[in-house]
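What follows is the residue order along each chain.
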Amino acid sequence: EVQLVESGGGLVQPGGSLRLSCTASGFTFRSYAMSWVRQAPGNGLEWVSGINSGGGPWYADSVKGRFTISRDNTKNTLYLQLNSLKTEDTAMYYCAKDASAYFSGPAYFATRRANDWGQGTQVTVSS
């Protein structure tokens, strides 16, 4: 059974930083691309960032230059470093497993075609 467990969210002031983690189990983590997706209250899913099994990141324009995705295949863990946070970054952040070793594109996650998701970790940016 695929399990994805996010952690690292919290309350932070504008301009602050957080590091999110997603620990994976139940599948061969190193063989799959992964993504981070967020959902703000009252909004739909927004794909944030993706990474191939061997690296090679992609970012939504809204976070490019501020967020950094990475993975440690020896620890079965996906990360998202959030810097220069803005109030509009407030959302529940989810990690999700892709269908193959290569990133499927933002719509695969924004339309919930991905089958495997974590339970989410809340990020709140407020002064």
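Now for a quick tour of the structure. If you're wondering where the values come from, they're calculated on a predicted model, not measured in any experiment.

Focus on the pattern of salt bridges
Part 1 of the argument: All chains considered together, the criterion is met by five salt bridges.
Part 2 of the argument: The residue Arg38 makes a salt bridge to Asp89 at a minimum N-O spacing of 2.9 Å. Placement of Arg38 in strand E4 (residues 34-39) and of Asp89 in the loop between strand E8 (77-82) and strand E9 (91-97) is noted, with a sequence separation of 51 residues between them. The same class applies to Arg38 and to Asp89, which are both buried.
Part 3 of the argument: Notably, a salt bridge pairs Asp116 with Lys97, separated by 3.8 Å at the nearest N-O pair. Here Asp116, found in the loop between helix H1 (106-110) and strand E10 (121-125), pairs with Lys97, found in strand E9; they are 19 residues apart in sequence, far enough to count as distant.
Part 4 of the argument: Among the charged side chains, a salt-bridge network with shared partners connects Arg38, Glu46, Arg66 and Asp89.

Here we look at the state of the cysteines
Part 1 of the argument: Applying the stated criterion across every chain, the model contains one disulfide.
Part 2 of the argument: Here Cys22 pairs with Cys95 through a disulfide, and the sulfurs are 2.0 Å apart. Sign of the S-S torsion, about 50° for the bond between Cys22 and Cys95, identifies this disulfide as right-handed. Of this pair, Cys22 sits in strand E3 (residues 18-25) while Cys95 sits in strand E9; the two residues are 73 residues apart in sequence, bridging distant segments of the chain.

Definitions and limits used
Residues numbered from 1 in each chain as written. Predicted model: local features only at pLDDT ≥ 70, side-chain atom pairs only at ≥ 80, totals over all residues. Heavy atoms only, no water. Salt bridge = Lys/Arg side-chain N within 4 Å of Asp/Glu carboxyl O. Helix = DSSP H or I, 4+ residues; strand = E, 2+ residues; numbered from the N terminus. Buried < 20%, exposed > 50% of the residue type's maximum accessible area, 1.4 Å probe, protein only. Disulfide = S-S within 2.5 Å.

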